[in-house]
Amino acid sequence: MQSLDEIYQKYAKSVYKYLMSKTRNEDIAEELTQETFYQAVKSIDRFDGSCHITTWLCAIAKNQYLTYLRKNPQMEEFDSVENSKVVTDNISSPESELLAKQNRLELMKMLHLCPEPTREILYLRIFGNMSFAEIGEVMGKTENWARVTYYRGKEKLRKELSGYEE
């Protein structure tokens, strides 16, 4: 087995990206990443190798995130659209800025209504900037499964958004 330092160097970025997709807050994601590895060190004897180490670490990260939400109930799952990594084009007027914000808000509402695992895959891809290979690894599935699930979820959202605007 790899040393704990090698494991951290190799997987910390993936865990951080995963937590960024959940929290959309760099400080919280960094704090939870550190706590994830602390918990991993404490329970390394329970890692039996039946899954990939990234899957195990992301499961710990997910538990850390859920613990954080229980301890901080004021934090909404979508902390703020402003903190997300959704980038808008150069917005020049207050009217176009308001319209863009409303569109992002509608998208976020629709993402929240997606069923699992589609919702989590969309979050990981859109907000976590994770590759399909990384998403597949985190979810314990194949890269192709992640691509197909993402595409189907994206197409469903596209249809719902176009129906919403009519």
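Residues numbered from 1 in each chain as written. Predicted model: local features only at pLDDT ≥ 70, side-chain atom pairs only at ≥ 80, totals over all residues. Heavy atoms only, no water.

Enquirer: Describe the overall build of the protein chain, with residues and values.
Expert: The helix and strand inventory of the protein chain stands at 7 helices and 0 strands. Mapped from its N terminus to its C terminus, the protein chain presents α and β elements in the order α-α-α-α-α-α-α. A total of 166 residues make up the protein chain; the buried ones form 39% of that total. Residue pairs in contact within the protein chain that sit at least 24 positions apart in sequence constitute 60% of those at least 6 positions apart. (Helix = DSSP H or I, 4+ residues; strand = E, 2+ residues; numbered from the N terminus. Buried < 20%, exposed > 50% of the residue type's maximum accessible area, 1.4 Å probe, protein only. Contact = heavy atoms within 4.5 Å.)

Enquirer: I'd like a description of unusual backbone geometry, backed by residues and values.
Expert: In this model, E116 is joined to P117 through a cis peptide bond whose omega is 0°. Note that P117 resides in the loop between α4 (94-113) and α5 (118-126).

Enquirer: Summarise helix α6 (residues 132-139); cite the residues concerned and give the values.
Expert: Along α6, the residues classified as buried are F132, I135, G136 and V138. Within α6, the buried residues cover an arc of 165° as seen down the axis, which keeps them to one side. Within two residues after α6, G140 carries a phi angle of roughly 75°, on the positive side. (Arc of directions from axis to C-beta.)

Enquirer: Explain the confidence of the model for the protein chain to me, and be specific about the residues and the numbers.
Expert: Per-chain confidence: the protein chain averages 78 in pLDDT, with 77% of residues scoring 70 or above. Considering each helix and strand of the protein chain separately, the mean pLDDT is smallest for α4, with a value of 69, and largest for helix α2 (residues 26-42), with 91. Taken together, the stretch residues 76-92 has pLDDT below 50 and engages in 29 contacts with residues farther than four places along the chain or on a different chain. (pLDDT = per-residue confidence, 0-100.)

Enquirer: Outline the pattern of salt bridges, supporting the account with residue identities and numerical values.
Expert: Under the defined criterion, the tally for this structure stands at 4 salt bridges. A salt bridge links E116 to R119, with the nearest nitrogen and oxygen atoms 3.0 Å apart. Using a relative accessible area of 45% as the deciding quantity, one classes E116 as partly exposed. We note a salt bridge from E143 to R147, for which the minimum N-O separation is 2.9 Å. Of this pair, E143 and R147 both sit in helix α7 (residues 143-165), 4 residues apart, which is roughly one turn of the helix. Given a relative accessible area of 40%, R147 falls into the partly exposed group. (Salt bridge = Lys/Arg side-chain N within 4 Å of Asp/Glu carboxyl O.)

Enquirer: So what about the nonpolar core? Which residues, and what values?
Expert: Counting 38 residues, the largest nonpolar core has Y18, L19, F37, I53, W56, L57 and L111 as the members making the most contacts within it. Counting residues per element, the ones that place at least two in this core are α1 (4-23), α2, α3 (53-71), α4, α5, α6 and α7. At 9 residues, the largest contribution of residues to this core is made by α3. In this view, L57 contacts I7, Y11, V15, T36, F37 and A40; residues no more than four positions away in its chain are not counted. (Core = buried A, V, L, I, M, F, W, Y, C linked by side-chain atoms within 4.5 Å.)

Enquirer: Report on the packing of aromatic side chains, specifying residues and quantitative values.
Expert: A full pass over the atoms with the stated rule returns 3 aromatic pairs. With 4.9 Å between their ring centres and 45° between their planes, F47 and W56 make a pair best called tilted. Overall, the relative accessible area of 16% leaves F47 in the buried class. Here R125 stacks its cationic end above the ring of F132, 4.0 Å away from the centre of that ring. (Phe/Tyr/Trp six-rings, centres within 6.5 Å; stacked < 30°, edge-to-face > 60°. Lys NZ or Arg CZ within 6 Å of the ring centre and 35° of its normal.)

Enquirer: Got a sec to walk through α5? Specific residues and values, please.
Expert: Of all 9 residues in α5, 7 are buried; the element is thus mostly enclosed. Within α5, the full set of buried residues consists of T118, R119, E120, I121, L122, Y123 and L124.

Enquirer: Can you explain the packing of α1 against α2? Please cite residues and give values.
Expert: Viewed as axis vectors pointing N to C, α1 and α2 meet at an angle of 135°, and their least axial separation amounts to 8 Å. Between α1 and α2, the angle is such that the two are oblique. Considering only the axes of α1 and α2, their crossing is right-handed. For the pair formed by α1 and α2, the contact residues are L4, I7, Y8, Y11, A12, V15, Y16, L19, M20 and T23 on the first element and E26, I28, A29, E30, L32, T33, Q34, T36, F37 and V41 on the second. Residue composition of the contact of α1 with α2, by class: 14 nonpolar, 4 polar and 2 charged. (Axes fitted to C-alpha atoms, helices over the stretch in contact; angles between N-to-C directions. Parallel < 35°, antiparallel > 145°, perpendicular 65-115°, else oblique. Left-handed = near helix turned anticlockwise from the far one by under 90°. Nonpolar A, V, L, I, M, F, W, Y, C, P; charged D, E, K, R; others polar.)

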